[in-house]
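Structure assessment
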Amino acid sequence: MLFRSYTYIQKIFEMTARQLAQELTELERAYQGNDPVALCSTVHKLKPGFGYTGLPLLQEQCQTFEELCRNATHSIELEHAYSVLWQELKSALALLQYEAKRLSGYNATSK
């Protein structure tokens, strides 16, 4: 039973990492296109995955950024917050990929 739990956790980490990698492209496109609405929408889609993978502070950071986006009329107003969030998201992607790989190794030897 425990093995199945770790397999499920691995899948959650892999799915979240894949989604984050895809959404980072969308996030950059929205920022470069000066589209606060698209920025808000993209960040909103990311929040649940961080809750599932034990990154509640990043989830909160996304919520704060989302609120800033709702009040912005141009991406330049979000420059500092975007820069900080971008770095955190890139770090989270590396962490999620690392943990998914680690879980994969564990699961492969636990069969």
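Structure: above.
My aim in this report is to walk through the structure given alongside it, one point at a time. This is a predicted model, so every value here is computed, not measured.

What counts as what
As a convention, each chain's residues are numbered from 1 in the sequence order in which they are written. Where totals are concerned, whole chains, interfaces and linings use all residues; where local detail is concerned, this predicted model gives features only for residues with pLDDT of at least 70, and gives and counts side-chain atom pairs only at 80 or more. The side-chain numbers reported here are obtained from all heavy atoms of the structure, hydrogens and water having been left aside. Only DSSP runs of H or I with at least four residues qualify as helices, and only runs of E with at least two residues qualify as strands; both kinds are numbered from the N terminus onward. In this scheme, a residue with accessible area under 20% of its type's maximum is buried, one over 50% is exposed, and one in between is partly exposed, where area comes from a 1.4 Å probe on protein chains only. Any Phe, Tyr or Trp ring, taking Trp's six-membered ring, that has another such ring centre within 6.5 Å forms a pair; planes under 30 degrees apart are called stacked, those over 60 apart edge-to-face, and the others tilted. Under the rule applied, a polar contact is a pair of N or O atoms within 3.5 Å (in protein, one hydrogen donor and one hydrogen acceptor; residues adjacent in sequence only if both atoms are side-chain atoms). How far a helix is expected to stretch is found by multiplying one less than its residue total by 1.5 Å. Summarising the geometry, the arc corresponds to the directions from the helix axis toward the C-beta atoms. Geometry is summarised by axes, namely lines fitted to C-alpha atoms with helices restricted to the contacting stretch, and by angles between N-to-C directions that run from 0 to 180 degrees. Each crossing is labelled by how the near helix is turned from the far one, with a counterclockwise turn of less than a right angle marking it left-handed and a clockwise turn marking it right-handed. Only heavy atoms matter for contacts: two residues are in contact if any of them lie within 4.5 Å across the pair. Note on terminology: a nonpolar core comprises buried Ala, Val, Leu, Ile, Met, Phe, Trp, Tyr and Cys residues joined through side-chain atoms within 4.5 Å. Salt bridge criterion: a side-chain nitrogen from Lys or Arg within 4 Å of a carboxyl oxygen from Asp or Glu.

Tallying secondary structure elements over the protein chain gives 4 helices and 0 strands in all. Listing every helix and strand of the protein chain by position from the N terminus yields α-α-α-α. Reported as C-alpha extents along the three principal axes, the dimensions of the protein chain are approximately 55 × 20 × 15 Å. Counting every position in the protein chain, which comprises 111 residues, the buried fraction comes to 37%.

The final tally for this structure, using the stated rule, is 4 aromatic pairs. Measuring from centroid to centroid gives 3.9 Å for Tyr 31 and Tyr 82, while their planes differ by 0°, and the two rings are stacked. Of this pair, Tyr 31 sits in helix H1 (residues 2–32) while Tyr 82 is found in helix H4 (residues 79–109), placing the two residues 51 residues apart along the sequence. For the pair Phe 65 and Tyr 82, a centre-to-centre distance of 6.5 Å together with 45° between the ring planes defines the contact as tilted. Here Phe 65, found in helix H3 (residues 56–71), pairs with Tyr 82, found in helix H4; they are 17 residues apart in sequence, far enough to count as distant. Given the relative accessible area of 6%, Tyr 82 is considered buried.

With respect to the helices and strands, Thr 16 occurs in helix H1. From its side chain, Thr 16 meets the backbone oxygen of Ile 12 in a polar contact 2.8 Å long.

An ideal rise of 1.5 Å per residue puts 22 Å on 16 residues; H3 measures up with 23 Å between its terminal C-alpha atoms. For H3, the full list of buried residues reads Leu 58, Cys 62, Phe 65, Glu 66 and Cys 69. Taken end-on, H3 shows its buried residues confined to a sector of 105°, consistent with a single buried face. Exposed and oriented more than 90 degrees from the buried face of H3 are Leu 57, Arg 70 and Asn 71.

This part takes up the packing of helix H2 (residues 36–52) against H4. Two elements in contact, H2 and H4, have axes whose closest approach is 13 Å; the angle formed by their N-to-C orientations is 35°. Crossing angle aside, the handedness with which H2 passes H4 is left-handed. Contacts between H2 and H4 involve Leu 39, Val 43, Leu 46 and Phe 50 from the first element and Tyr 82, Leu 85, Leu 89, Ala 92 and Leu 96 from the second.

Formed by 28 residues in total, the largest nonpolar core has its most connected members in Leu 20, Leu 27, Leu 39, Phe 50, Phe 65 and Leu 89. Counting only elements with at least two residues in this core, the list comes to H1, H2, H3 and H4. Among the elements that make up this core, the one with the highest residue count is H4 (9 residues). Look past the residues within four positions of Phe 65 in its chain and what remains in contact with it is Leu 39, Val 43, Leu 78, Ala 81, Tyr 82 and Leu 85.

Attention shifts here to the pattern of salt bridges. Applying the stated criterion across every chain, the model contains 5 salt bridges. In this structure, Glu 23 and Lys 45 form a salt bridge, with 3.6 Å as the shortest nitrogen-oxygen distance. Pair noted here: Glu 23 is in helix H1 and Lys 45 is in helix H2, with a separation of 22 residues, a long-range link. Classification of Glu 23 as buried rests on a relative accessible area of 10%. With a shortest N-O distance of 3.0 Å, Arg 70 and Glu 66 are connected by a salt bridge.

Any link to function would need more than the numbers given here.
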